[in-house]
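# Inside the fold
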There are 2 protein chains.
Amino acid sequence: MTASSPAPLTEDVLSHADAAQPEALERLFALLRIPSISAQPRHAEDCRAAAQWLRDDLAAIGFDARVADTPGHPMVVAHDVGKSGLPHVLFYGHYDVQPVDPLSLWSSDPFAPAIVTGEDGRQVIVARGASDDKGQLMTFIEACRAWKQVHGDLPLNVSVLIEGEEESGGANLLPFLKAHAAELGAGLALICDTDMPNRTTPAITTALRGLVGEEVVIQCAGRDLHSGMYGNAARNPIELLCTILATIRDETGRVTLPGFYDDVQLPSESQRKQWRALFPDDSVLLGPVGLSEAAGEDGFTAIEQVWCRPSFEINGISGGYEEDGFKTVLPAKAMAKISFRLVPGQDPQRIRAAFRERVAGLLPPDATVTFSAHGASSGFAVPQDGPDLRRALDALGEEWGVPAVATASGGSIPVVAEVQEALGIDSLLIGFAQSDDRIHSPNEQYGVENFRKGVRSWVRVLAALAVPG
Amino acid sequence: MTASSPAPLTEDVLSHADAAQPEALERLFALLRIPSISAQPRHAEDCRAAAQWLRDDLAAIGFDARVADTPGHPMVVAHDVGKSGLPHVLFYGHYDVQPVDPLSLWSSDPFAPAIVTGEDGRQVIVARGASDDKGQLMTFIEACRAWKQVHGDLPLNVSVLIEGEEESGGANLLPFLKAHAAELGAGLALICDTDMPNRTTPAITTALRGLVGEEVVIQCAGRDLHSGMYGNAARNPIELLCTILATIRDETGRVTLPGFYDDVQLPSESQRKQWRALFPDDSVLLGPVGLSEAAGEDGFTAIEQVWCRPSFEINGISGGYEEDGFKTVLPAKAMAKISFRLVPGQDPQRIRAAFRERVAGLLPPDATVTFSAHGASSGFAVPQDGPDLRRALDALGEEWGVPAVATASGGSIPVVAEVQEALGIDSLLIGFAQSDDRIHSPNEQYGVENFRKGVRSWVRVLAALAVPG
């Protein structure tokens, strides 16, 4: 409970939110019916329609809301601010969705949302965007609505930014944030685009891995050769590439690039203990994808390897004859796409340079290499001792009846770094999706109960963060 | 000089062949005009036309010639035999040619042969098949014609077999040889489908490498994964494949499979010395393809590595995302196509088993491998002390004015093994092509002088082999 929102106030809002659940689902369904696929130009008007729908809904709640144009799909910007002495939070979500192909794998129209009973008896909403991100962002908007309808006001200052290009590059977000830094200048960002570690444990994602992507092309001979005429004497670039890439990790799974682990911090023992409780065995993470034991660094559990350890991956490799049958070609070139997932403290440019130095240093005469950079981002971490993190974790724990956990994600969520860069603020990543929600895949779903408790969670988090400054 | 063909007899034939060169070129051009592309069904009638043309030409010389049907394109079979007490040789060539695409890279119609002056002032015949194999096989037929026209007979018994599927699999050759073993049962096969080590040195290819081809697919997870969500903890099959393939050779370039070099014989020091004279520096072989030094086994020259040492090649590799841009996929599978070129003495099945054992032995838990065999053939070598080899080398030396060399080829020529299997006889591979004849490529060519001296070479070789038994 916070000073500004004593328990009875919040309880009233929670009761109201539960009672209003049927109408909340209707609103979500209306939004899900709009096929706002940002990557497909023929859906540009649908993207605008989704933005307009959200603007209208936020305005109906009482936000000062508008659709703001960008060089791409528009943003929705809304404010309910002006309460002096209270914190100001910026909520971020995205109304755009992934393409739906292959359509044949959907059991129903991706833009005709329906509630169905899942294999385990759970009620789930099936539609493209049900989880990513329309269902999730509407948990926040419904929480705001409940506060406004019960008490006529929010417990703190709230701005909302909903973009329409998260699934298609998001190139316009950072410039928009920079151009509107004064208007969007809150003290904390709240993002609802992540999942829970299991069905029952609420979580805040407090660390994300960054990424260095790199494409390597090794060339030896000037043209493809016949392996009979040259095999042995002419350098085989595929073999060379394999030999070089095989040096990047040692037999314990550690990356061998000099300085790679400099400045890598381990989570606290208490945090690792919480993670071990969530993932008591590596098979919890790996079993669903057909694996039984962690492959990477010795001495770390599977979830630690993903959440707090940097990795090396070969994401693609190509060379010579790849079709059916056989061809005795000794190719001129071989290509690999590789990436390093980085944890906070690692410098992407330094890691890229160390990788390039390794490859170049192992090149024999007659071999040349071409590197192409494919992105670089640092890892991100919310300070574990921040008071807002503590307040939000406590609020989530109250709602779900079990302590909320500060988790991490092995992937990148660009908006976190962009908000940091443009506005200078941290983000709390609070989401209610499940790992089997099939985001980006056919039959995407979102649990009805996840939606309901998501709304209730935000009701409590808003109250918890409303600490007079 | 042989007992049956004293010098004056041969000299008369040589003079006649030179004088008849214009007509010989006209005949070659007529054959080159037939687009007998065996791989393209629309050219089936052209293949038959080429066979018919050759049958008619051989009949005109005096051979007992016929077109013999097969399940594919027909064979040409011809005999000029019956001289008791004299050896019987079987000549092999192929009338089919490679496809001509990309047509735009040809400077003239591939089936409108023309004599043009090359960059180095050489006169060359430009056409598809000019070298491979119409020009080469006609050197033998013209030599026979000259013998018949001057002396009314050949100096020994000659059968001719010309196939039409060498460029498209040649599946019907072995069954045909077996079905006609009695009719084709000569004591020695002569094959004109190889090249000279340089412009001036005649050669007989006395060793060929065999091949073991293998496709390896390694699977880890049950489906493609997101590298952010699983990278580190889930085994990366591309990395595993690279790591395993990187163990096949050691840092000296030697293949590390147990027993790989058992039974591998080195050529005699005198033969190696001849080869070193032909290729005094590795750049002679490698320079034209943009390389400067041999990559393979330490302690062997580039040409030795190709001609007499077994090799390991990765002919193709594929996995994950290979298109433009970047995708942070952690793929479920990775594939490689690999091959070993084998020298005489190596057992293809034993080498395949050793490779599979190596891969399987390095597989960690959760990884599975699938192997697919893509062919297996042994290396081949003509005994260096055979009298026919010596006689043919001497005859070639007389024609070219420099000692002929027993060379080797790093590739496979299936007919050699098939003739051995079906008829139980050795082959002498005598050819006059040049490494820059662009066989299988646009603007294929054959030197006019190579054609002329090829005819003269066969005139002499036929005489040299005509030793009464």
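Conventions and cut-offs
- Per chain, residues are indexed from 1 in the order of the written sequence.
- Each chain takes a letter, starting from A, and each ligand takes a number, starting from 1, following the order in which they are written.
- Totals for whole chains, interfaces and linings use all residues, but because this is a predicted model, local features are given only for residues with pLDDT of at least 70 and pairs of side-chain atoms are given and counted only at 80 or more.
- For the side-chain quantities, the full set of heavy atoms in the structure was used; hydrogens and water were omitted.
- Accessible area is worked out with a 1.4 Å probe on protein chains only. A residue is then buried under 20% of its type maximum, exposed over 50%, and partly exposed in between.
- Strands here are runs of E lasting at least two residues and helices are runs of H or I lasting at least four, both read from the DSSP assignment and numbered beginning at the N terminus.
- Two strands qualify as a pair provided DSSP detects at least 2 bridges between them.
- Aromatic rings from Phe, Tyr and Trp, taking only the six-membered ring of Trp, are treated as a pair when their centres fall within 6.5 Å; an angle between ring planes under 30 degrees marks them as stacked, one over 60 as edge-to-face, and anything in between as tilted.
- UniProt positions are given in the numbering used here, feature names are shortened, and annotations may be inferred rather than shown by experiment.
- Only the contacting stretch of a helix is used when fitting its axis, a line to C-alpha atoms as for every element, and angles between N-to-C directions run 0 to 180 degrees.
- Contact between two residues is taken to exist if any of their heavy atoms lie within 4.5 Å; hydrogens are not considered.
- Accessible area that two parts lose when put together, with a 1.4 Å probe and added across both, is what the buried area reports.
- Polar contacts, as used here, are pairs of N or O atoms within 3.5 Å; protein pairs need one atom able to donate a hydrogen and one able to accept it. Residues neighboring in sequence count only if both atoms are side-chain atoms.
- Superposing copies: least-squares fit, C-alpha atoms only, residues required to have pLDDT of at least 70 in both.
- By convention a nonpolar core is built from buried Ala, Val, Leu, Ile, Met, Phe, Trp, Tyr and Cys residues, the set being connected through side-chain atoms within 4.5 Å.
- Directions drawn from the helix axis to the C-beta atoms are what define this arc.
- Just so you know how the angles are binned, under 35 degrees is roughly parallel, over 145 roughly antiparallel, 65 to 115 roughly perpendicular, and the rest oblique.
- Each crossing gets its hand from how the near helix is turned against the far one by less than a right angle, where anticlockwise is left-handed and clockwise is right-handed.
- For this scheme, ten residues count as nonpolar: Ala, Val, Leu, Ile, Met, Phe, Trp, Tyr, Cys and Pro. Four count as charged, namely Asp, Glu, Lys and Arg, and the remainder, Gly too, count as polar.

## Details of the pairing of strand E3 (residues 88-94) of chain A
All names here are of chain A.
- Of all seven residues in E3, seven are buried, a share of seventy percent or more.
- Burial along E3 is two-sided: His88, Leu90, Tyr92 and His94 facing one way and Val89, Phe91 and Gly93 facing the other are all buried.
- Sheet topology note: the E3/strand E6 (residues 157-163) ladder contains seven bridges and is parallel. Its bridge partner lying in E6, His88 is registered against Asn157.
- Inspection of the sheet shows E3 paired to strand E7 (residues 188-191) by four bridges, in the parallel sense. Within the sheet, the bridge partner assigned to Leu90 lies in E7 and is Ala189.

## Topic: the packing of aromatic side chains
All names here are of chain B.
- Throughout the structure, instances matching the rule amount to 24 aromatic pairs over all chains.
- For the pair Phe91 and Phe140, a centre-to-centre distance of 4.0 Å together with 10° between the ring planes defines the contact as stacked. Here Phe91, found in strand E3 (residues 88-94), pairs with Phe140, found in helix H4 (residues 134-151); they are 49 residues apart in sequence, far enough to count as distant.
- By relative accessible area, which is 0% here, Phe91 ends up buried.

## Some thoughts on the UniProt feature "domain: Peptidase M20 dimerisation" (unreviewed entry) in chain A
- Within the UniProt annotation, "domain: Peptidase M20 dimerisation" (unreviewed entry) is assigned to residues 207-365 of chain A.
- Taken end to end, residues 207-365 of chain A comprises 30% helix and 23% strand; its first and last C-alpha atoms sit 43 Å apart.

## Topic: the sheet that holds strand E5 (residues 123-126) of chain A
Residues and elements named next belong to chain A.
- With antiparallel pairing, the three strands of this open sheet are ordered in space as E4-E5-E18. If you trace the sheet from one side to the other, it starts and ends with strand E4 (114-117) and strand E18 (445-447), each paired once. Taking the axes of each pair of neighbouring strands and ignoring which way they run, one obtains an average angle of 35° across the sheet.
- Helix H15 (residues 448-465) contacts E4, E5 and E18 of the sheet and is inclined by roughly 60° relative to E18.

## Describing the environment of Ile317 of chain A
- Mapped onto the elements of the fold, Ile317 of chain A is located in strand E11 (residues 311-320).
- Those residues in contact with Ile317 of chain A that lie beyond four places of it in its chain are Leu241, Leu245, Met335 and Ala336 of chain A together with Ile238, Cys242, Ile317, Ser318, Gly319 and Glu322 of chain B.

## Quick word on the interface of chain B and chain A
- The partner chain A presents 75 residues to the 75 residues of chain B that form the contact.
- Between chain B and chain A, a total of about 5,600 Å² is buried, with carbon and sulfur atoms accounting for 54% of that surface.
- Contact with chain A buries surface across chain B, with Asn232, Asn315 and Phe326 of chain B losing the most and accounting together for 14% of the total.
- Where chain B packs against chain A, one counts 44 residue pairs in polar contact (both at pLDDT 80 or more).

## Thoughts on the relation of the copies chain B and chain A
- Turning chain B through 180° and shifting it by 0.0 Å along the axis lays it on chain A, with an RMSD of 0.1 Å. Here the transformation between the copies is reduced to the relation of a two-fold axis.
- In this assembly the copies share their binding face: 100% of the residues contributing to the interface of chain B also contribute to that of chain A.

## Looking at the nonpolar core
- In this structure, Leu245 and Phe340 of chain A together with Leu245 and Phe340 of chain B are the most contacted members of the largest nonpolar core, which totals 105 residues.
- Setting aside anything within four residues of it in sequence, one finds Leu245 of chain B in contact with Cys242 of chain A together with Phe312, Ile314, Ile317, Ala336, Ile338 and Phe355 of chain B.

## A short note on helix H9 (residues 269-278) of chain A
All names here are of chain A.
- Taken as a whole, H9 has its buried residues at Gln271, Arg272, Trp275 and Leu278. The buried residues of H9 occupy an angular sector of 115° when the element is viewed end-on, so they sit on one face. Residues of H9 that are exposed and angled more than 90 degrees away from the buried face: Ser270, Lys273 and Ala277.
- Packing partners of the buried residues in H9 comprise strand E8 (203-208), helix H10 (282-286), helix H11 (302-307) and strand E16 (405-409).

## Considerations on the packing of helix H1 (residues 7-19) of chain A against helix H4 (residues 134-151) of chain A
All names here are of chain A.
- In the contact formed by H1 and H4, the axes pass within 9 Å of each other and the chain directions differ by 115°. By the angle between their axes, H1 is roughly perpendicular relative to H4. The chirality of how H1 crosses H4 is right-handed. Counting all contacts with H1, which are made through Leu9, Thr10, Asp12, Val13, His16 and Ala17, the residues of H4 involved are Ala146, Trp147, Gln149, Val150 and His151.
- Looking at the contact of H1 with H4 residue by residue, the class counts come to six nonpolar, four polar and one charged.

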